[in-house]
Amino acid sequence: MISLPLLSHAAGRSLMRPAMRSKFLPVFQQSLLLRLESTQAAHHKPTAPSPSPSPSPSPQQQSEERICLTSTENGIKRIILNNSKKRNALSYAMMLELFKEIADMRDRPRVIVISAHGPVFSSGHDLRELKKEHGSRRHEEIFRTCTELMCAVENCEVPVIAQVNGLAAAAGCQLVASCDLVVASSKSTFSVPGVYNGLFCSTPGIPLVRAVPLKIAAKLLYTGEPITAAEALQHGLVSSVVEEAELEKETIRLAHRICQMSPAVIAVGKKFLRAQVEMDRKLAYQEGERVMVSNLALSDGQEGIAAFLEKRKAKWS
């Protein structure tokens, strides 16, 4: 599970003290946070004072400049992709910010909702960053960072909901497929069109083929053709489809519903749900039995049973 109580939003400050970083994070995530720190430091180098300083940007201007907007209320953490001018591309900087926000559990959210401003949820990687002039090492770093982001979504201790209202393409579709639940408006479309640009969507295909049947994934990957929200629902890529006017309401309804459950039980359940997909049936049942017994040993496991038998509302720890 990812729980990082010492993350800092302050630019140029360490996101986590080195001793705590090594204690809480796997090596690959330590590396990602180090890269995030170096990126922030590069963007906040001291400069000589201007003889006539310009006025400070307004809160609205500051908000518009941030590529990710976040807030937490009533147990729901909102992460909004805020770079509509670039179709919310998953640039290197955007992926680092998303990873940081997914990992930051200081406000103890019970669910995370990822949405986007503008008509495109995300168009995928920023192709300008994938030009030959940047070199193979940079390309390796970009795809490694993307993998770490998708794994962070899947391994996050709380459910992650994608709220999609528009196009989710390539790595944007990969992000959708990596989320636990997906609520989409009826106008949304989904595609992995890398083949059009000479770059097969190999990594986006990894969570995609785990969400939809192989033949459907193959059709999407080989042709680059998009599917509608209704088709995505039929094939299992999304959880529910509603009209655009109902999208926010339905997403928050599901988020509030999750918030009513025991966080400890949800964490246990999500971890096993993800893990058992990779197991054969015999091993899955063996592990499932162990997880059920461990769940019963939790205080919330016994509280839920007692509340049911006593016909009262459970009081989770």
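As the structure is a prediction and not an experimental result, all values here were calculated from the model.

Novice: Report on the confidence of the model for the chain, specifying residues and quantitative values.
Specialist: Here the chain averages 87 in pLDDT, and 80% of its residues register 70 or above. Per-residue pLDDT stays below 50 along residues 1–24; that stretch engages in 62 contacts with residues further than four places along the chain or on separate chains. Here residues 43–50 is modelled with pLDDT under 50, and outside its nearest four sequence neighbours on either side it reaches one contact, counting other chains as well.

Novice: How would you sum up the side chain of serine 122? Please name residues and give values.
Specialist: Secondary-structure assignment places serine 122 in strand β4 (residues 120–122). Residue classification places serine 122 among the buried residues on the basis of a relative accessible area of 0%. For serine 122, the side chain forms a polar contact with the main-chain oxygen of asparagine 88, separated by 2.8 Å. Within the local environment of serine 122, its side chain forms a polar contact with the backbone nitrogen of glycine 124, the two atoms lying 3.3 Å apart. Leave out the neighbours within four places in its chain, and serine 122 touches Leu81, Arg87, Asn88, Ala89, Leu90, Leu167, Ala168, Ala169 and Gly172.

Novice: Pulling in residues and values, what's your account of the pairing of strand β2 (residues 76–81)?
Specialist: Along β2, six of the six residues are buried, which leaves the element largely enclosed by surrounding structure. Here β2 shows no split at all, with Ile76, Arg78 and Ile80 on one side and Lys77, Ile79 and Leu81 on the other all buried. Pairing between strand β1 (residues 68–73) and β2: six bridges, direction antiparallel. When the bridges of β2 are listed, leucine 69 appears paired with isoleucine 80. The hairpin formed by β1 and β2 contains two residues between the paired strands, and asparagine 74 there has a positive phi angle of roughly 55°. Pairing of β2 with strand β3 (residues 111–116), which is carried by six bridges, proceeds in the parallel orientation. Within β3, the position partnered with leucine 81 by the bridge is alanine 116. In this fold, the crossover linking β2 to β3 by way of helix α4 (residues 92–103) has right-handed handedness.

Novice: Run through the sheet that holds β4, naming residues and quoting values.
Specialist: The four strands are arranged β4-β6-β8-β9 in an open sheet whose pairing can be described as mixed. At either margin of the open sheet sits one strand with a lone partner, and together these are β4 and β9 (227–228). Note that strand β8 (residues 189–191) and β9 share two bridges and pair antiparallel. Opposite threonine 189, over in β9, you have threonine 228 as the bridge partner. The strands that helix α6 (residues 171–178) touches are β4, β6 (167–169) and β8; relative to β6, the one it contacts most, it runs at about 100°.

Novice: So what's going on with the pairing of strand β7 (residues 181–185)? Which residues, and what values?
Specialist: When you tally the buried positions in β7, you get four out of five residues, the bulk of the element. Sheet topology note: the β7/strand β10 (residues 240–242) ladder contains three bridges and is parallel. Looking at the pairing, alanine 184 lines up with valine 241 of β10.

Novice: Please give an account of the packing of helix α11 (residues 263–276) against helix α12 (residues 281–297) that cites residues and values.
Specialist: Geometry of a packed helix pair, given as the angle between the helix axes and the separation of the axes. It is at 11 Å that the axes of α11 and α12 come closest, and there the two elements cross at 175°. Judged by the angle between their axes, α11 and α12 are roughly antiparallel. Touching Val265, Val268, Phe272 and Gln276 of α11 are Ala284, Glu287, Gly288, Val291 and Asn295, all from α12.

Novice: Give a detailed account of the nonpolar core, specifying residues and quantitative values.
Specialist: Among the nonpolar cores identified, the biggest contains 51 residues, and Leu98, Ile114, Val164, Phe190 and Leu237 are the most heavily contacted of them. Once residues within four sequence positions are removed from consideration, isoleucine 114 is found in contact with Ile79, Ile102, Phe121, Val160, Ile161, Ala162, Gln163, Leu175 and Cys179.

Novice: Lay out the sheet that holds β3 with the relevant residues and their values.
Specialist: As a general point, the strands of a sheet are linked pairwise by backbone hydrogen bonds and lie either parallel or antiparallel. Read across the sheet, six strands follow the order β1-β2-β3-β5-β7-β10 without closing on themselves; strand pairing throughout is mixed. Edge positions in the open sheet fall to β1 and β10, since each of these has one partner strand only. Recorded for the sheet is a direction-independent mean angle of 20° between the axes of neighbouring strands.

Novice: Residue-level account of a nonpolar patch on the surface, with values.
Specialist: On the surface, Val195, Tyr196, Phe200 and Tyr222 cluster together to form a nonpolar patch covering roughly 460 Å² of accessible area. Mapping valine 195 onto the fold places it in the loop between β8 and α7 (205–209).

Calculation rules
Residues numbered from 1 in each chain as written. Predicted model: local features only at pLDDT ≥ 70, side-chain atom pairs only at ≥ 80, totals over all residues. Heavy atoms only, no water. pLDDT = per-residue confidence, 0-100. Contact = heavy atoms within 4.5 Å. Helix = DSSP H or I, 4+ residues; strand = E, 2+ residues; numbered from the N terminus. Buried < 20%, exposed > 50% of the residue type's maximum accessible area, 1.4 Å probe, protein only. Polar contact = N/O pair within 3.5 Å; in protein donor to acceptor, adjacent residues only side chain to side chain. Pairing = 2+ DSSP bridges. Right-handed = clockwise from strand over helix to strand, strands pointing away. Axes fitted to C-alpha atoms, helices over the stretch in contact; angles between N-to-C directions. Parallel < 35°, antiparallel > 145°, perpendicular 65-115°, else oblique. Core = buried A, V, L, I, M, F, W, Y, C linked by side-chain atoms within 4.5 Å. Patch = residues over 30% accessible without salt bridge, like charges linked within 9 Å, V, L, I, M, F, W, Y side chains within 5 Å. Areas by Shrake-Rupley, 256 points an atom, 1.4 Å probe, with all protein chains shown as cover. Salt bridge = Lys/Arg side-chain N within 4 Å of Asp/Glu carboxyl O.

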